[in-house]
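Okay, here's what each chain looks like letter by letter:
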Amino acid sequence: MGFRLEGIFPAALLPLLLTMILFLGPLMQLSMDCPCDLADGLKVVLAPRSWARCLTDMRWLRNQVIAPLTEELVFRACMLPMLAPCTGLGPAVFTCPLFFGVAHFHHIFEQLRFRQSSVGSIFLSAGHLIGPVLCHSFCNYMGFPAVCAALEHPQRRPLLAGYALGVGLFLLLLQPLTDPKLYGSLPLCVLLERAGDSEAPLCS
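All values derive from a computational prediction rather than experimental measurement.

**Student:** Help me out: how do you make sense of the packing of aromatic side chains in this one?
**Tutor:** Two numbers describe a pair of aromatic rings. These are the distance of the centres and the angle of the planes. Summed over the entire model, instances satisfying the criterion amount to two aromatic pairs. Judged by centre distance (5.6 Å) and plane angle (85°), the rings of Phe 23 and Phe 138 are edge-to-face. You can see Phe 23 sitting in the loop between helix H1 (8-22) and helix H2 (24-33) and its partner Phe 138 sitting in helix H8 (residues 130-142), a full 115 residues away along the chain. Across the pair, Phe 138 and Phe 23 agree in class, each one buried. Arranged with centres 6.0 Å apart and planes meeting at 85°, the rings of Trp 51 and Trp 60 form a pair that is edge-to-face. In this structure Trp 60 comes out as partly exposed when scored by relative accessible area, which is 21%.

The structure is reproduced here in structure tokens:
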């Protein structure tokens, strides 16, 4: 189910780094529109008072902690290992976002399906739940990329270049940063072996 210590540090850091690369354009837009500089921003982020305020805010807890943890537990840790032996890895990775979308139909237009399928492949590759939870929390914080606002931004050329560079780097780094060898042995491969599908590319 993705709860193990082996390979936990790369499983926490590499998927989050990959997701932040995908959001390079929105991160650039956020930094351009933020009135404070980097040092002031880091002071706010690292201040205990700021964290105490977040931990008492029910909306923040729901969006950044509870929803990512429970949704990734259901849609990655429980559903993917059950679907993969029946449908194979590829169909399982692309079927889970559909269930996720149905469960979130009340705000389906805010969802980025590509993000969801990439989070599914992160869980399959790493065999850890922490990576998808951190990526989910980060995406909840960032929200859907405001491409229309970027098109009307005074510094739209570097901003759009950041959007394109982020997507390009994400596609370029997706395979190497989700290589299962980085994360240790995968519990999902045991399930696939029991189902007679030990030749899956993920497990070879």
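**Student:** Is there a simple way to think about a nonpolar patch on the surface in this case?
**Tutor:** A surface patch of nonpolar side chains, amounting to about 430 Å² of accessible area, comprises Leu 42, Val 45, Leu 46 and Trp 51. Per element, the largest residue contribution to the nonpolar patch is three residues, and it comes from helix H3 (residues 38-46). Within the secondary structure, Val 45 is located in helix H3. Since its relative accessible area comes to 46%, Val 45 is described here as partly exposed.

Conventions and cut-offs
- Residues numbered from 1 in each chain as written.
- Predicted model: local features only at pLDDT ≥ 70, side-chain atom pairs only at ≥ 80, totals over all residues.
- Heavy atoms only, no water.
- Phe/Tyr/Trp six-rings, centres within 6.5 Å; stacked < 30°, edge-to-face > 60°.
- Helix = DSSP H or I, 4+ residues; strand = E, 2+ residues; numbered from the N terminus.
- Buried < 20%, exposed > 50% of the residue type's maximum accessible area, 1.4 Å probe, protein only.
- Patch = residues over 30% accessible without salt bridge, like charges linked within 9 Å, V, L, I, M, F, W, Y side chains within 5 Å.
- Areas by Shrake-Rupley, 256 points an atom, 1.4 Å probe, with all protein chains shown as cover.
- Salt bridge = Lys/Arg side-chain N within 4 Å of Asp/Glu carboxyl O.

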